Amino acid sequence: MKYLIIGASAAGLAAAERIRNEDKSGEITILTREAYLPYSRPSISYYLKGVTAQKDMFLRKAAYYKEKKINIVTDTEVTKINTDKKTVRAGRREYPYDKLCLATGSKPFVPPMKNVEGCKNALTFLDLGAVKQVKKAAKADTRAVVIGAGLIGMKAAEGLSKICKSVDVVELAPRVLPSILDEKSAKSVKAYLEANSIRFHLGNTVVSAETKNGAITKVHLKNGEKLPCDLLILAVGVRPETELAEKAGLAVNRGIITNPKTMQTSNKDIYAAGDCTVSVDMLDGSKKIIALWPNAVQQGTAAGSQMAGGSMETGGTYSVNAIDFYGLRICTCGLINAVGEQYSDRIKTDGDSYKRLIFEGGRLVGFVLINASENAGIYTSLIANQTDLAEIQGDIMDTPSLFMFRKQVRTDKLTGGAAL
């Protein structure tokens, strides 16, 4: 059996490892456009800050792939999938497959801005190659401007603030980290970040740039403000990388459409996993892109199992984040910005800690924890298991006991034991 995987990040590696676990002799090949073996993308901001060395970013040692007989081909751009011949074209070479997995990930979204495209100091912040360019360009006297106050943009801004003379962040939304923070918590996080020398321009965007010798020297904002700029980071967001899938005739709607349990696409011999796919949120049934590392690993593992004839399926998808900025710990999960009469919330603040729990009827469906992560594991379990909150003891805002149920489980009449 020939297994072919396009993409060598979280989903691609997880698929390969699961295939090898279930098929000891099949031929596994991973094709990646990057120049590196699989590495931890979340650690790129630590690499920028100088906290993590490049050698420590790799997920496995090179010898591991030889031992597991997983062939990784780097610096390889796939241009076409031929579903009739069951081959993939990369350069002048064709790779045959019996089962194919698309783990193509996502690409930076760059909004239209006059005089920005092609400038040598306008860089992205999504992968190791891009961050190495940023690290090379950032100097002590650099005035950096980051477009985007989401997770990627803020980690870029944090790293640059350790190096550069100034860091300005421009964000179209009215608050920082809009996808993971509510309005109240975003205000306190913004104040904390500002205390660490980051300047924000919220409800705004870059519309054009002034350039000299192919480099940006100043950016113009929508409100008319002008910012000096030696380095522009494009971190507005990402879009699923679906071009190969579309050209191959697979079902695509924003992301690649798959069976949410098996990750099989509209072609029976092709699977997809990770940021390039559309996920179904188990908490509200909505279809969305959930571009998160744990989700990619779960989907890749299920795809690999199914490709090798196994039965493993995904266990349900929802958003979860754990991140820190300058020591400020933020944990979020589930339906943070849920809208509707069926939702309610409770908020507790204590000094610099903030806790917000979101409920749908009698179950927990989301949380925001800032410097209050001691019960994050319990809350995540309550959400993942869709637990009826009538079954827990204690105040959920404090330290609920997940395994002490008010309801008595009936004794099993056959064995005389309690079923737990």
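Residues numbered from 1 in each chain as written. Predicted model: local features only at pLDDT ≥ 70, side-chain atom pairs only at ≥ 80, totals over all residues. Heavy atoms only, no water.

## Things to note about the sheet that holds strand β4 (residues 78–82)
Rules: At least two DSSP bridges between two strands are required for those strands to pair. Strands here mean DSSP runs of E at least two residues long; helices mean DSSP runs of H or I at least four residues long; both are numbered from the N terminus. In this description, a line fitted to the C-alpha atoms serves as the axis of each element, helices being fitted only across the stretch in contact, and the angle between N-to-C directions of two axes falls anywhere from 0 to 180 degrees.
Read across the sheet, three strands follow the order β4-β5-β6 without closing on themselves; strand pairing throughout is antiparallel. The two strands at the open ends of the sheet, each matched to only one other strand, are β4 and β6 (93–96). Between one strand axis and the next, the sheet turns by 25° as a mean value, whatever way the strands run. In this sheet, β6 lies alongside strand β5 (residues 87–90) in antiparallel orientation, the contact comprising four bridges. The residue of β6 that forms the bridge with V88 is Y95.

## Here's the deal with helix α6 (residues 183–194)
The condition is simple: The span expected for a helix works out to 1.5 Å for each residue beyond the first. Each residue's exposure class comes from its accessible area (1.4 Å probe, protein chains only) as a fraction of the maximum for that residue type: buried when under 20%, exposed when over 50%, partly exposed otherwise. It is the directions from the helix axis to the C-beta atoms whose arc is reported. The contact criterion used is simple: two residues touch if any of their non-hydrogen atoms lie within 4.5 Å.
A rise of 1.5 Å per residue sets the reference length of α6, with its twelve residues, at 16 Å; its end C-alpha atoms lie 16 Å apart and thus fit the reference within 8%. Taken as a whole, α6 has its buried residues at S185, A186, V189 and L193. Buried residues of α6, viewed axially, fall in a sector of 100°; they line one side. Away from its buried face by more than 90 degrees, α6 exposes E183 and K187. Contact partners of the buried residues in α6: α5 (151–161), β12 (198–202), β23 (320–325), β24 (328–334), β26 (353–360) and β27 (363–370).

## What about the environment of I70?
Structurally, the position occupied by I70 is in strand β3 (residues 70–73). Taking the C-alpha atoms as reference points, I70 and G26, separated by 44 residues in sequence, lie 9.6 Å from one another. Not counting the four nearest positions on each side in its chain, I70 is found in contact with A16, I28, I30 and Y65.

## Details of the nonpolar core
Applicable threshold: As used here, the term nonpolar core means buried Ala, Val, Leu, Ile, Met, Phe, Trp, Tyr and Cys residues forming a set that is joined through side-chain atoms within 4.5 Å.
With 43 residues, the main nonpolar core has M154, L160, V169, L181, V189, I233 and I330 as its most contacted residues. At four residues, α5 tops the list of elements feeding residues into this core. Not counting the four nearest positions on each side in its chain, V189 is found in contact with V176, L177, L181, L328, I330 and I370. The next biggest cluster of nonpolar side chains, apart from the first, holds 24 residues, and it includes I72, A103, Y271 and A302.

## Quick look at unusual backbone geometry
With phi around 55°, K69 is a residue other than glycine that occupies positive phi space. Examined against the element boundaries, K69 turns out to sit in the loop between α3 (62–68) and β3. For K69, a relative accessible area of 62% puts it in the exposed group. The residue S197 is not glycine, and still its phi comes out positive at about 75°. With relative accessibility at 55%, the residue S197 sits in the exposed group.

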